[in-house]
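Residues per chain are reported as follows:
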2 protein chains.
Amino acid sequence: MASNSLSFQTLQRLPYYLDYLREVETENVSSTSIAAEFRFHEVQVRKDLASVSRLAGQPRKGFATQALIEDIEDILGYGHIDEAVIVGVGHLGTALANYTGFGKYGLKIVAGFDIRIEHADCLNGLPLYPMDRLDPVIREGGIRLGIITVDGAHAQSICDQLVEAGVEAIWNFAPVLLQVPEGVIVQNENMACALAVLSHHLRK
Amino acid sequence: MASNSLSFQTLQRLPYYLDYLREVETENVSSTSIAAEFRFHEVQVRKDLASVSRLAGQPRKGFATQALIEDIEDILGYGHIDEAVIVGVGHLGTALANYTGFGKYGLKIVAGFDIRIEHADCLNGLPLYPMDRLDPVIREGGIRLGIITVDGAHAQSICDQLVEAGVEAIWNFAPVLLQVPEGVIVQNENMACALAVLSHHLRK
């Protein structure tokens, strides 16, 4: 499997393919039909599938649907649960912590932290801790994923603390670009960037 | 101004530049210092700024900070308010509706809709309506931006209704790729895609 060389773009398309494949009721599926469903270029779909599947698609027959589903699930790490901590339990942090759909994608939020929390507490079953418990909770739990939902001014300092404690992947909802050492990945969800694109379209 | 030809990538970097420029206390700012701040390539920053600024940066002197701020704000449509409706007032929809930071980016959510709403209602000051009011509210308000926070199964149908009513930009939080006619833009915020990238990194 060439999964180590998967591009960011390919990875982002895999959840869409997976949703589609799970609804297909035929034994085989062609890259043509997937391309048509999403209006992607067929060449792109064929390249994506070649890079994720252990088995090559067959001319005319296409890919075995079930095998392809398993290959993609394997690459996306579904079935395997990633435990995460969330730092910043305001509106957005609470919405994420309450969101029940993450389990389907293999994400489990196991603890929340906030500078406003003074004593261990609980939010709909999620343990909440003061900031000085961040390091021990991450280390003892071997947690590798951190979600940052604090404001922009505090995000880099929180990021540093997460990385120092052993976190290797950061999902950043604060509107700043975080600096991380090599080997750590950051996925930014910046509302301002999304709005910039939409708003510019409306200005045109 | 070449703002019509701005790339998606450039647009996404502008909010970061803007945050930085607002904190700079010097009269002029160089593309070198911006590049250093974000660890971007200097050539990229220089190209970005050339495409957004009415005035060319001067060798050694750089860009006039205040003029650059105004150019970027102008392109991002800050100062001008985009009114939006939100469809789907569950956990995520409520979090977005409650988020007070959007005003800073020129977004105002003016109405919420949900299939579970039977009579006009109110959520922290946001008017809520049943689905059959979607078309008239959008048409009468001349609203051009729609936010979709329903589940994947209903997103395309909601999208069609928004476009039919006159919406030209869609911010989609449902985990599906939406089909829209030419001239309509979709910005996807897909949690599954973000998680795919992070989770794959942890699998490596």
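See the structure shown above.
Undergrad: For this particular structure, what's the right way to read the pattern of salt bridges?
TA: For side chains of opposite charge, pairing can occur when their charged atoms come near one another. Residues and elements named next belong to chain A. Considering all chains together, one arrives at twelve salt bridges over all chains under this definition. Residue Arg-46 pairs with Glu-42 through a salt bridge whose shortest N-O separation is 2.9 Å. Of this pair, Arg-46 and Glu-42 both sit in helix H3 (residues 42-52), four residues apart, which is roughly one turn of the helix. Under the relative-accessibility criterion, Glu-42 is labelled partly exposed at 29%.

Undergrad: Quick question: what am I supposed to make of the sheet that holds strand E8 (residues 169-172) of chain B here?
TA: Think of a sheet as strands paired side by side through backbone hydrogen bonds, with each pair either parallel or antiparallel. Residue and element names in this part refer to chain B. In spatial order, the strands read E5-E6-E4-E3-E7-E8-E9; together these seven strands make up an open sheet with mixed pairing. One side of each edge strand has no neighbouring strand; the edge strands of this open sheet are strand E5 (121-123) and strand E9 (185-188). Sheet twist, expressed as the average angle between the axes of neighbouring strands with direction ignored, equals 30°.

Undergrad: Honestly, the relation of the copies chain A and chain B in this entry has me stumped. Any pointers?
TA: Superposition of chain A onto chain B requires a rotation of 180° combined with a translation of 0.0 Å along the rotation axis, giving an RMSD of 0.0 Å. Within this description, the copies of the chain are treated as partners about a two-fold rotation axis. Relative to the rotation axis, the closest C-alpha in chain A is found at Ala-95 of chain A, a distance of 3.1 Å. The fraction of interface residues of chain A whose copies in chain B are also interface residues reaches 100%, indicating that both copies meet through the same surface.

Undergrad: Please explain the environment of Ile-148 of chain B as it appears in this structure.
TA: Residue and element names in this part refer to chain B. Assignment of secondary structure puts Ile-148 in strand E7 (residues 145-148). Along the primary structure Ile-148 and Asn-172 are separated by 24 residues, whereas in three dimensions their C-alpha atoms are 4.9 Å apart. Once you skip the residues sitting within four places of it in the chain, Ile-148 turns out to touch Val-87, Ala-155, Ile-158, Cys-159, Leu-162, Ile-170, Trp-171, Asn-172, Phe-173, Ala-174 and Leu-178.

Undergrad: Before we go on, may I ask you to explain the interface of chain A and chain B in this structure?
TA: The parts lose accessible area when they come together, and the size of an interface is often stated as this lost area. The partner chain B presents 59 residues to the 59 residues of chain A that form the contact. Of the roughly 5,500 Å² buried between chain A and chain B, counting both surfaces, carbon and sulfur atoms make up 67%. Area buried by chain A at its contact with chain B is led by Tyr-16, Leu-198 and Leu-202 of chain A, which between them contribute 12% of it. Among the secondary structure elements, those contributing two or more residues to the side of chain A that touches chain B are helix H1 (8-23), helix H2 (31-38), helix H4 (65-76), helix H5 (91-98), strand E8 (169-172), strand E9 (185-188) and helix H8 (191-203) of chain A.

Reading guide: rules and limits
- Per chain, the residues get numbers from 1 upward, laid out in the order the sequence is written.
- Written order decides the labels, with chains lettered from A and ligands numbered from 1.
- A pLDDT threshold of at least 70 governs which residues receive local features in this predicted model, and a stricter bar of 80 or more applies before side-chain atom pairs are shown or counted, although totals over entire chains, interfaces and linings include all residues.
- To get the side-chain values, all heavy atoms of the structure are used, and hydrogens and water are removed first.
- Any carboxyl oxygen of Asp or Glu that lies within 4 Å of a side-chain nitrogen of Lys or Arg is treated as forming a salt bridge with it.
- Helix and strand assignments follow DSSP, with helices taken as H or I runs no shorter than four residues and strands as E runs no shorter than two, numbered in order from the N terminus.
- Type-normalised accessible area, obtained with a 1.4 Å probe on protein chains alone, sets the label of each residue: buried when under 20%, exposed when over 50%, and partly exposed for intermediate values.
- For two strands to count as paired, DSSP must find a minimum of two bridges between them.
- All axes here are fitted lines through C-alpha atoms, helices being fitted over the stretch that makes contact, and every angle between N-to-C directions spans 0 to 180 degrees.
- C-alpha atoms of residues with pLDDT of at least 70 in both copies form the basis for the least-squares superposition of the copies.
- It only takes one pair of heavy atoms within 4.5 Å for two residues to be counted as in contact.
- By definition, the buried area sums, over both parts, the 1.4 Å-probe accessible area that each loses when the two are put together.

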